[in-house]
Structures are given as C-alpha cells and as structure tokens.
Amino acid sequence: MITLSLDTSTKSGSISILRDENITVELNFCLDIAHSEIVLNMVDLLLKNIRISLKDLDGYSVCIGPGSFTGIRTGLSVIKALAYASNKKIAPVTSLDALTYKLIDQKNNLICPIIDARKGELYGCLMNFNNNLPEEIIPKNAYMPDSFLSMLPLNVTISFIGNGAEIWRDKIKSIFGKNAHFPPRSNFISNEIGIIGHRILSGGNGIKSFELKPFYIRASDAELSSVQSHEYLYKQRNSP
C-alpha cells in the first residue's frame, strides 16, 4: 500500500510518502508563510521526484488537529480534494497521537505530548501504548498549563514532547525533576501520521473525503467573534 501523509497543523509542516509503514520520502518545512501557498507545489514536487503519480496512491493520511486553525483547514482541504478526485480513503490522525508515536521506543514511560495553543493555553494529554498504538490516560483537551501539569502523576517517569514541551520545559522540570524526560525528537510528524494512517486504512477503517472533519478542541477566534457578536446584538435588541 502506497500512501501520502500530510501535516500542516503547526509551523513545522511535513509531507511523507510511505509504502506500508516504511517511509519512502519525507519533506519537512518550517517557513514564515502560509502553508496554503506551498503545500500543493510540495506534493507535486515530492511525487515527481520519486516518479509516481496520484493514481499510484492507495490512500491518504492527514493531521486533523489540534493545532493552528488555519493550518488544519489547509491540510484538510488539500487531502479532501486529492481523495475526492481519486476516490481514495483517508485516515484522520491527531497531532497528539502522532507526537506520542514518535516515542514508541520509550513505551515503558508515560508519554505527554504538548502543543502550544496560544493565549496562554496548551493542547495536551497523557498517553501510554496499548498494542503499539497510543491510548489516552488524560484526555486530549485545551488546558491552562498549571492546571494540566497538576493532573500528571509525580512519582513516575514521563516523556514530554512537542513545541509546548519546549515552551514550558523549565516549569515541567521544576515540578517533576528527574522524572521528566525530554527525548530529542523533531516536531515533524507526517511520517508518524502515515504509520498510524496505514494501520487505519489497511484495517478498512478509512473515511471518504466528505466525512473528513477537523479536531479543533476549542472554537476558533472567528467562531468566538461570531458568537460574541450575536450575543451583543441579542442584548441590544432586548435591552429596555
């Protein structure tokens, strides 16, 4: 099975082509421009360089979030279009699951993927491995850092990963001391998305393009503004 996997959920974007669970080629990018400006060109570049076409692909895997709202929309739009045109299935994978899978070699430890959610919040969860697949102990959600870290056990080894782990590294170390591990791994996750995605697709659990939905966790700024506007208008119309 040949699949294409894509992640545009954070600034650290990446695209991979895999044969089953083995990576053929990976393209990583970390640029100060919108992913929407480059992703399709990079997909085309990747396919041309390994001399395969879209019709050779058996399916797609894509990061559905959490992460940047704009980045997630870009990735989903690209994969929806490609999958619809080729009538191929899609495997939706979360960024937190993919980050966890990067530490499968440390599966005897608890794994804590953390992504910067901005506004002083983080996206995080606590995971372990069950049959070599990530399994939640503390659910994926948006948290205030102090609140989230207070939920983690103090007396066991925890491996932290993700751009949020880098941002809050000093705070984590001050709380967990020698039980906090920070394995040297990159934040590029299309390879891990592809591996998890292959297991989904090969098990017959992929979805159609029209079924693909983002995993935002919290409302976007645009949605919040819309709600606040409606609340304001309602108050204005119903004020004495």
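Everything in this summary refers to the structure shown in the same document. (Residues numbered from 1 in each chain as written. Predicted model: local features only at pLDDT ≥ 70, side-chain atom pairs only at ≥ 80, totals over all residues. Heavy atoms only, no water.)

Some words on helix α2 (residues 69–86)
Residues separated by three or four positions in an α-helix point in the same direction, a consequence of the helix having 3.6 residues per turn. Given a rise of 1.5 Å per residue, 18 residues ought to cover 26 Å, and the 26 Å separating the end C-alpha atoms of α2 matches this to within 8%. Considered for burial, the residues of α2 that qualify are Phe69, Gly71, Ile72, Thr74, Gly75, Leu76, Val78, Ile79, Leu82 and Ala83. Its buried side turned inward, α2 meets β1 (2–7), α1 (39–49), β4 (59–63), β5 (90–93) and β7 (121–130). Asn87 sits one or two positions beyond α2 and adopts a positive phi of about 55°. (Helix = DSSP H or I, 4+ residues; strand = E, 2+ residues; numbered from the N terminus. Expected span 1.5 Å × (residues − 1). Buried < 20%, exposed > 50% of the residue type's maximum accessible area, 1.4 Å probe, protein only. Contact = heavy atoms within 4.5 Å.)

Topic: the sheet that holds strand β6 (residues 110–118)
Across the sheet, 5 strands lie side by side as β8-β7-β6-β9-β10; this open sheet has mixed pairing. Looking at the sheet topology across the chains shown, the edges are occupied by β8 (133–143) and β10 (180–181). Examined bridge by bridge, β7 and β8 share 8 bridges and lie antiparallel to one another. Paired with Asn128 across the strands is Glu135, a residue of β8. (Pairing = 2+ DSSP bridges.)

Side note on the packing of aromatic side chains
As enumerated under the stated definition, the model contains 5 aromatic pairs in all. With a centroid separation of 5.8 Å and an interplanar angle of 50°, the aromatic rings of Phe160 and Phe176 are classed as tilted. Of this pair, Phe160 sits in strand β9 (residues 158–161) while Phe176 sits in helix α6 (residues 169–176), and the two are 16 residues apart along the sequence. Look at Phe160 and you get buried, because its relative accessible area is 2%. Residue Phe176 is classed as buried on the basis of its relative accessible area, which comes to 5%. Among the aromatic residues, those joined into a cluster by ring pairs are Phe160, Phe176 and Phe182. (Phe/Tyr/Trp six-rings, centres within 6.5 Å; stacked < 30°, edge-to-face > 60°.)

Things to note about the sheet that holds β5
Strand order in this open sheet of 5 strands is β3-β2-β1-β4-β5, and the pairing throughout is mixed. The open sheet has two edge strands with one neighbour each: β3 (22–29) and β5. Each adjacent strand pair in this sheet contributes to an overall mean axis angle of 15°, direction not counted. Inspection of the sheet shows β1 paired to strand β2 (residues 13–19) by 6 bridges, in the antiparallel sense. If you follow Thr3 over to β2, its bridge partner there is Leu18. The strands touched by α1 within the sheet are β1, β2 and β3, with β2 carrying the most contacts at an inclination of about 30°. (Axes fitted to C-alpha atoms, helices over the stretch in contact; angles between N-to-C directions.)

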